Amino acid sequence: MPKNKEYAQVTKMLGNARLEAMCFDGVTRICHIRGSLRKKVWINTSDIILIGLRDYQDNKADVILKYNADEARSLKAYGELPEYAELSETDTFDAEDDDEIQFKDPAGEDEDMGI
């Protein structure tokens, strides 16, 4: 792992594309979600992320990548994450879940909606 990057676990979502993360070097940092990840990758509490450290601010960092549950388990198995890191067992959102959402067809019901 290069010295300007670190693994971390999200402890709190702060809003405005920011979060608080406990880095595995023992430092809690405020992290900024980059524009390329914003609204494309949803990050939740207890997710494992890769952050880029700032040379000029040790208590702030930028989120580079979010690992899904399988990738995080692999990192722990390879020894990249410490043993005390608690991983969530499943992802909170899965793209394949979209086909389970059922919507009612309003065209078959009350045609006189007054619109």
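Residues numbered from 1 in each chain as written. Predicted model: local features only at pLDDT ≥ 70, side-chain atom pairs only at ≥ 80, totals over all residues. Heavy atoms only, no water.

Okay, the pairing of strand S3 (residues 28-33) next. Side chains Arg-29, Cys-31 and Ile-33 of S3 all project onto a buried face; the interleaved residues Thr-28, Ile-30 and His-32 project onto a face where none is buried. Where strand S2 (residues 18-23) and S3 come together, five bridges link them in antiparallel fashion. Paired with Glu-20 across the bridge in S3 is Ile-30. Counting the residues that bridge the hairpin from S2 to S3 gives four residues, and of these Gly-26 lies at a positive phi of roughly 95°. Summarising the sheet, S3 and strand S5 (residues 60-67) pair through four bridges and their orientation is parallel. The residue bridging Ile-33 from the neighbouring strand is Val-63, located in S5. (Buried < 20%, exposed > 50% of the residue type's maximum accessible area, 1.4 Å probe, protein only. Helix = DSSP H or I, 4+ residues; strand = E, 2+ residues; numbered from the N terminus. Pairing = 2+ DSSP bridges.)

This part covers the side chain of Gln-9. Mapped onto the fold, Gln-9 is located in strand S1 (residues 5-15). Of note is the side chain of Gln-9, whose polar atom sits 3.1 Å from the backbone oxygen of Ser-46. Residue contacts for Gln-9: discarding those within four places in its chain leaves Glu-20, Ala-21, Met-22, Phe-24, Ser-46, Asp-47, Ile-48 and Glu-86. (Polar contact = N/O pair within 3.5 Å; in protein donor to acceptor, adjacent residues only side chain to side chain. Contact = heavy atoms within 4.5 Å.)

Attention now moves to the nonpolar core. For soluble globular proteins, the rule of thumb is that nonpolar side chains tend to be buried together. Judged by nonpolar contacts, the single largest core of 14 residues is most densely connected at Leu-19, Cys-31, Ile-33, Ile-43, Ile-49, Ile-51 and Val-63. Here this core takes three residues from S2, the largest share from any one element. Those residues in contact with Val-63, other than ones at most four positions away along the chain, are Leu-19, Cys-31, His-32, Ile-33, Arg-34, Leu-37, Ile-43, Ile-49, Leu-50 and Ile-51. (Core = buried A, V, L, I, M, F, W, Y, C linked by side-chain atoms within 4.5 Å.)

Moving on to the pattern of salt bridges. The final tally for this structure, using the stated rule, is five salt bridges. Here Arg-54 makes a salt bridge to Asp-62, at a shortest N to O gap of 2.9 Å. Asp-62 gets classed as partly exposed once you look at its relative accessible area, which sits at 22%. Put simply, Asp-70 and Arg-73 hold a salt bridge, and the shortest N to O gap is 2.4 Å. (Salt bridge = Lys/Arg side-chain N within 4 Å of Asp/Glu carboxyl O.)

A word on the confidence of the model for the protein. Of all residues in the protein, 74% attain a pLDDT of 70 or more, and the chain-wide mean is 81. Per-element confidence in the protein ranges from a low mean pLDDT of 88 for helix H1 (residues 69-77) to a high of 94 for S3. (pLDDT = per-residue confidence, 0-100.)

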